[in-house]
Amino acid sequence: MGLMHLDVPEASGGYSHYGVLARFRTAKALYRACEAVRDAGYSKWDALTPFPVHGLEKAMGLKPSRLPFLVLATGLTGAGLGFGLQSWVHIMAYPLVISGKPLFTWPAFVPVTFELGVLGAALGAVLGMFALNKLPTYHHPLFRSENFARVTDDGLFIAIESWDPKYDDQATADFLSGLGAVEVERVPIEDPRDDEGAA
Amino acid sequence: MSHGPRIVHLDQLVIRPGSGWARLPLIAAAVGVVFTVVSVVLAMGSEENAKQFFHSWLVAVIFFLGIGLGCLFFVLIQHAAKAGWGVVVRRLAENLACTVPLLAVLFVPVAALGMYDLFHWTHADAVAHDRLLQGKQPWLNESGFRIRAAVYFAVWTALALFFRNASRRQDESGDEALSHRMARFSPVAVALFAVTLTFAGFDWLMSLEPHWYSTMFGVYFFAGTIVSALAALIVLTLLLESAGYFRGVITGEHLHDLGKLLFAFTVFWAYIAFSQFFLIWYANIPEETNWFLSRLHGTPENPASWRAATMLLAIGHFAIPFFFLMPRTIKRNRRLLMVGALWMLAMHLWDVFWLVMPNLHREMTFSLLDVTSLLGVGGLFAATAGRLLSRGSLVPSRDPRLVESLAFENI
Amino acid sequence: MAQSQDNTHEPAAGRAPLIVGGYDFRSLTEAVAVPVERKTPIGWWCFFLPSVALLGLFGVSIGWLFWEGTGIWGLNNPVSWGFAIVNFVFWVGIGHAGTLISAILFLFRQKWRTSINRAAEAMTIFAVMCAMVFPGIHVGRVWVAYWMFPLPNQMDMWPNFRSPLIWDVFAVSIYGTVSLMFWYVGLIPDLATIRDRAKTRIRKLAYGAFALGWRGSHRNWLHYERAYLMLAGLATPLVLSVHSVVSMDFATAQLPGWHTTIFPPYFVAGAIFSGFAMVMTLMLICRVLFRMENIITMRHLENMAKIMLLTGCMVGYAYAIEMFIAWYSGNPYEQFAFANRALGPYAWAYWIMVSCNVITPQLFWFKKMRNHIGWLFISSILINIGMWFERFVIVASSLHRDFLPASWDYYQATFWDFASLIGSFGLFFTMFCLFARFLPMVATAEVKTVLPEADPHQGEELVRVVPAGSDPDALAQAAPAGGGGA
């Protein structure tokens, strides 16, 4: 239902809460902690930061974004459509001899072809990024944590979700504390009927 | 990823005596001298051959000069921008830039003996019947040409020597004031460089067809020059690395950046080349289109001749490298980057050939002299470069930004 | 707030701080968010109301134009293109600095851009809006302006894609679209900041809707940063192409003074030049008004001055090369066009252009002038005047004496020409005031990355250099092989 976007396994009823949220004081501490969480074998977890921490994907063991392939494809599509439209217009739909040049004047089609290629690629980049990031996602259990408002200010967080196979209520919280977290809390799971978490 | 610092030994950063690189100057010089002599002998065969020789020689000199000058520009920009990442490759560029005095010497045959064979505007009988050429006499005259060439070379030599010497002095003293001095002087040097390079392009290449003119030509010459220099830097870096130098010094990050610059300037070259062609094609004014017509139509018997050369330039100098150099995996892969850089060097050579040779051949023709001149100039160029490289460290070993450069990571 | 300190001296090793004043993440958020959240200050109204008044003038002059036609302008037979095209090129050019800062400086890893890119990108969008008005209104029959778009219609007609004016339509509208997307993508994390700080429900909903539920997940940052990088990579050739296309409005013609091959890069350089002057003007005001002297520091201003010097020299180079080649060409029409430019009836405009664009920035060779707030402000205004005159010179002086001396004439702008020029500034400043009031002026999430504590390897030694000859056994210990970073 409302939790589709969270990749919760089918039997989501079995989970009493979303997971554990831990705040770290510095980017350095967060980086080290991410390496530790990665090495401990967790898979359903995330780092949440007010700014992109340089190289954190390495510490988290994330694969590089696949966005470039999409962008190349949409860019080439845009350019191809642009070139096709112009050729079609000037050869078939509305053939007119202008300034003594042949109907198929490909150099004159370059500017519009280029611009449409860029438009296609840029749309691919932005919309593709939204799709990969599942934006907009207005409802998320993390927003139920008061502390979490700091994520757009100075809060550097790690959240481990309770449906991670290695998750254990107490052990995971202790593990994060041991990594130097200054605050560790359990975040309740969202009630789909409850709109208070809207943001 | 392991913690703890990466250890970089500067011992490895000098050419080892007795190695292949240490022997390079001698071998290359021998090749250079032999082929220069062969070229001269061939040139003396006939009037035709002399003409061919000067054109081929000009192509070779401009090609290698482009590498030197592009490297000089690379050094200037590194200082002007106070760039950190490029310190590890800057010494290579400083050394390549100092090949300019050699090329000044190799340019002497052109300025002293070859002008009549190369430049139509030196023909007094032609000028006598040509109002346009008469009007251009204040600029296009032999003594003016020679004086200007001397000035260009003097400026470039002075700049190249200044930056290499200051940098090498820093190797010994570690004096930070030298960094500041180079940074302060570099913007002025860029201005001098821009003006001299532009007019050198006008004098040596554009005036081959003295009726033709294009305000863009200086920028075009510049763009190709930088492409070739970046390609040469990449090739040299990778060759030295595979010979066992630069261990732990040059990383994928530096190669990635060099590759990005090569890609960027390839696109820039295409932008300039296309704009120049496009505006002339579109307006279709006879005195301008002439230059392109001779490169697009050749002769009535063989209209495809130069057109194929032009198509190769468009595809080989832009379309193929555009897609080849775009992915980051290629820029970070040593073998593939090497392929890309060598390809761009070849394409820049093709560009220079395409600029010069239609002046001589209405139909595209290759000559043995093209090859011998290239090997002659190239041999001497490699000998000089090798000699410069073997003196002192291969990186600016006490540059204050060396550590920053070594630790550099891309965005 | 701590005392401002000098960060304009870059040490030979290491880097001077980009922002000063001892900010940490929290105080930085505070500094940027508070101007959006506090009560509207009086000072803001002092800028906003005059801007709206000018916008009104713009509306009136456009309305009168629609009613009466282009006869209200000073156009005449040889000079059939006047202020409308000049203003169009001017405003498109202004926009280019925003993209240079947000995209090109990003690719060059010039981190100082983070303090000014948000405002500069906003400026780009508003400048493009101003620019787009003019091609729309200058055709006279505005009700058929949609003919510029390739829309299937009952007449079965299509636009002429070989026309530079159609390229303009595509280039400028796509430039506007891409700039808007780029700007919005950059805004998302900061909108989330305002959302999370919001005290009222309306604020929370309004900012929250546009923040898209952003929660700073690194799995999101990964795609986000990649998208941002690619947008920068796309915006860079785009911005070059846009002013190149604009230059082709002139350069594809056969008119001496317009038809010259250097136009595309020359226009791009000039555009960036004028745009930086406008950013400078705006930033000098905003940093004082919003007390951001420690975020938009002297160093930022100095760097902008350096770019203005560079682009000013490029523009000067183009002027000189044009003059030289006009003479060198031997073409009497070329020679006349340029002699007429410098010595003819529009010589006054030409020399205003040269002194503002070429001579003014030369003072930036001196550090003292680059750090002189008063001079920075004056020169930024002068350069904008000069760059407007550059386009005026290109348009008017090339057209007014055409091939037929019998038709020579002098273009004299009318009241309504000036009204639409000044009025367009009303649109620009109104938009900018609204932006400065309701959106975070500085890209907070990006500026946070340049604070030292944002570096996850802060203080770690990444590389250790063993000097030559210091340890004879050094090589035996085998350094890690090359390619460590790959």
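How each quantity is defined
Residues numbered from 1 in each chain as written. Chains lettered and ligands numbered in written order. Predicted model: local features only at pLDDT ≥ 70, side-chain atom pairs only at ≥ 80, totals over all residues. Heavy atoms only, no water. Helix = DSSP H or I, 4+ residues; strand = E, 2+ residues; numbered from the N terminus. Rg over C-alpha atoms; globule rule 2.2 N^0.38 Å. Buried < 20%, exposed > 50% of the residue type's maximum accessible area, 1.4 Å probe, protein only. Lys, Arg positive; Asp, Glu negative; His and termini not counted. Charge placed at Lys NZ, Arg CZ, Asp CG, Glu CD. Contact = heavy atoms within 4.5 Å. Buried area = accessible area lost by both parts, 1.4 Å probe. Salt bridge = Lys/Arg side-chain N within 4 Å of Asp/Glu carboxyl O. Polar contact = N/O pair within 3.5 Å; in protein donor to acceptor, adjacent residues only side chain to side chain. Nonpolar A, V, L, I, M, F, W, Y, C, P; charged D, E, K, R; others polar. Pairing = 2+ DSSP bridges. 1 Å grid on protein atoms, 1.4 Å probe; cavity = no way out; pocket = protein on both sides within 12 Å on 5 of 7 lines; lining within 4 Å. Points joined across faces, edges and corners; volume = space filled by probe spheres on them. Core = buried A, V, L, I, M, F, W, Y, C linked by side-chain atoms within 4.5 Å. Axes fitted to C-alpha atoms, helices over the stretch in contact; angles between N-to-C directions. Parallel < 35°, antiparallel > 145°, perpendicular 65-115°, else oblique. Left-handed = near helix turned anticlockwise from the far one by under 90°. Phe/Tyr/Trp six-rings, centres within 6.5 Å; stacked < 30°, edge-to-face > 60°. Lys NZ or Arg CZ within 6 Å of the ring centre and 35° of its normal. Expected span 1.5 Å × (residues − 1).

Caption draft 1: Here's a closer look at the overall build of chain B. When helices and strands are counted, chain B shows 16 helices and 1 strand. Relative to the globule expectation of 22 Å for 411 residues, the C-alpha radius of gyration of chain B, 22 Å, shows essentially globular dimensions. Its C-alpha atoms give chain B principal-axis dimensions of about 75 × 40 × 40 Å. By residue count, 61% of the 411 residues in chain B fall in the buried class. For chain B, the distance from the average site of its 30 positive side-chain charges to the average site of its 26 negative ones is 9 Å.

Caption draft 2: Fine view of the interface of chain C and chain B. Of the residues lining the interface, 61 residues belong to chain C; the matching set on chain B comes to 72 residues. Summed over both partners, the interface of chain C with chain B comes to about 5,600 Å²; 64% of that surface belongs to carbon and sulfur atoms. The three residues of chain C that bury the most area against chain B are C:R109, C:T261 and C:Y328, which together make up 14% of that side's buried surface. In this structure, the connection of chain C to chain B is made through 2 salt bridges. Between C:R15 and B:E404 there is a salt bridge, with its nearest N and O atoms 2.9 Å apart. Where chain C touches chain B, the interface holds 24 residue pairs in polar contact (both at pLDDT 80 or more). When its residues are assigned to classes, the side of chain C that touches chain B shows 34 nonpolar, 16 polar and 11 charged. Pairing analysis gives 4 bridges linking strand β1 (residues 6–9) of chain B to strand β1 (residues 463–466) of chain C, with the strands arranged parallel. Bridging from a neighbouring strand, B:H9 pairs with C:V466 of β1(C).

Caption draft 3: Examining empty space enclosed by the protein more closely. Per the stated rule, a full pass over the model turns up 7 cavities of 30 Å³ or more. Reported here for the largest cavity is a volume of approximately 190 Å³. B:H79, B:K82, B:S179, B:R401 and C:A12 are, among the 15 residues lining the largest cavity, the residues nearest its centre. Breaking the lining of the largest cavity down by element, the ones donating at least two residues are α2 (47–80), α3 (87–97) and α8 (176–204) of chain B. For the lining of the largest cavity, the element with the highest residue contribution is α8(B), accounting for 3 residues. Taken as a whole, the second largest cavity encloses approximately 90 Å³ of empty space.

Caption draft 4: Expanded view of the nonpolar core. Of all hydrophobic cores here, the largest spans 351 residues; its most connected members are A:I158, B:F107, B:W156, B:W204, C:W91, C:F250 and C:F392. Examining the composition of this core, we find that 19 residues originate from one element, α2(B), more than from any other. When sequence neighbours within four positions are dropped, the list of residues in contact with C:F250 reads C:W81, C:I85, C:V89, C:W258, C:H259, C:F263, C:F267, C:I394 and C:V395. A:L21, A:F148, A:F157 and A:A159 belong to the second largest nonpolar core, which has 12 residues in total.

Caption draft 5: Structural view of the interface of chain A and chain C. The interface of chain A with chain C comprises 69 residues on the first partner and 63 residues on the second. Of the roughly 6,000 Å² buried where chain A meets chain C, counting both sides, 68% is carbon and sulfur surface. At the boundary of chain A with chain C, the tally comes to 4 salt bridges. Counting across the interface, chain A meets chain C through 28 residue pairs in polar contact (both at pLDDT 80 or more). Elements represented by at least two residues in the side of chain A that touches chain C include exactly α1 (27–39), β2 (45–48), α2 (56–60), α3 (67–93) and α4 (106–133) of chain A. Looking at the side of chain A that touches chain C element by element, the count peaks at 18 residues for α4(A).

Caption draft 6: Here's a closer look at the packing of helix α4 (residues 117–138) of chain C against helix α5 (residues 164–197) of chain C. All names here are of chain C. At a minimum axis distance of 10 Å, the contact between α4 and α5 shows a crossing angle of 150°. With respect to each other, α4 and α5 are oriented roughly antiparallel. The hand of the α4/α5 crossing is left-handed. Contacts between α4 and α5 pair R118, E121, A122, T124, I125, V128 and M132 from the former with V172, S173, Y175, G176, S179, L180, F182, W183, G186, L187 and D190 from the latter. Class assignment for the residues of the contact of α4 with α5 results in 10 nonpolar, 5 polar and 3 charged.

Caption draft 7: Inspection of the pattern of salt bridges at higher detail. Under the criterion given, the structure shown has 32 salt bridges over all chains. As a salt-bridge pair, C:E302 and C:K367 come within 3.0 Å of each other at their nearest N and O atoms. Of this pair, C:E302 sits in helix α9 (residues 298–329) while C:K367 sits in helix α12 (residues 367–370); the two residues are 65 residues apart in sequence, bridging distant segments of the chain. Each of the salt bridges in this network shares a partner with another, and the network as a whole consists of B:R90, B:R91, B:E94, B:D171 and B:D399.

Caption draft 8: Summary view of the side chain of B:T372. Its place among the elements puts B:T372 in helix α15 (residues 368–389). Once residues lying within four places of it in the same chain are set aside, the contact partners of B:T372 are B:F35, B:V38, B:S39 and B:L42.

Caption draft 9: Structural view of the environment of B:P187. Its place among the elements puts B:P187 in helix α8. Residues B:P187 and B:A158, 29 residues apart in the sequence, show an inter-C-alpha distance of 15 Å.

Caption draft 10: Up close: the packing of aromatic side chains. In the structure shown here, the tally under the stated rule is 111 aromatic pairs over all chains. With a centroid separation of 6.4 Å and 85° between ring planes, the pair formed by B:W212 and B:F292 is classed as edge-to-face. On the criterion of sequence distance, the pair formed by B:W212 in the loop between α8 and α9 (217–242) and B:F292 in helix α11 (residues 286–296) is long-range, its members being 80 residues apart. Overall, the relative accessible area of 1% leaves B:W212 in the buried class. Ring geometry for B:W291 against B:W354: centres 5.5 Å apart, planes inclined by 90°, an arrangement best described as edge-to-face. On the criterion of sequence distance, the pair formed by B:W291 in helix α11 and B:W354 in helix α14 (residues 334–356) is long-range, its members being 63 residues apart. With a relative accessible area of 3%, B:W291 lands in the buried category. Taken together, the ring pairs in this structure connect C:F83, C:Y346, C:W348, C:W388, C:F389, C:F392, C:Y410, C:Y411 and C:F418 into an aromatic cluster. Above the face of the B:W354 ring, B:R295 is positioned so that its terminal group lies 5.4 Å from the ring centre.

Caption draft 11: Structural context of unusual backbone geometry. Here A:L135 and A:P136 are connected by a cis peptide whose omega angle stands at -5°. For B:F246, which is not glycine, the phi torsion reads 65° and is therefore positive. By the element assignment, B:F246 lies in the loop between α9 and α10 (252–283). When its relative accessible area of 0% is taken as the criterion, B:F246 is described as buried. One non-glycine residue with positive phi stands out, namely C:L212, at about 60°. Along the chain, C:L212 turns up in the loop between α6 (201–211) and α7 (218–251). Accessibility expressed as a relative area gives 8% for C:L212, which makes it buried.

Caption draft 12: Structural context of α1(A). Residue and element names in this part refer to chain A. Counted at 1.5 Å a residue, the expected span for α1 with its 13 residues is 18 Å, and the 18 Å between its end C-alpha atoms agrees. Three or more residues of α1 are buried, namely A27, L30, Y31, A33, C34, E35 and V37. Close packing links the buried residues of α1 with β1 (17–24), β2, α2, β3 (156–161) and α5 (169–178). Count one or two residues on from α1 and you reach G41, which has phi positive near 95°.

Caption draft 13: Summary view of the pairing of β3(A). Residues and elements named next belong to chain A. Within β3, 6 of the 6 residues are buried, leaving the element largely enclosed by the surrounding structure. Residue alternation in β3 divides its side chains into two sets, L156, I158 and I160 and F157, A159 and E161, and both sets are buried. Alignment of β1 against β3, held across 6 bridges, turns out to be antiparallel. Note on β3: the bridge partner recorded for L21 is A159. Both β2 and β3 contribute to a ladder of 4 bridges, which runs antiparallel. Paired with D46 across the two strands is A159, which belongs to β3.

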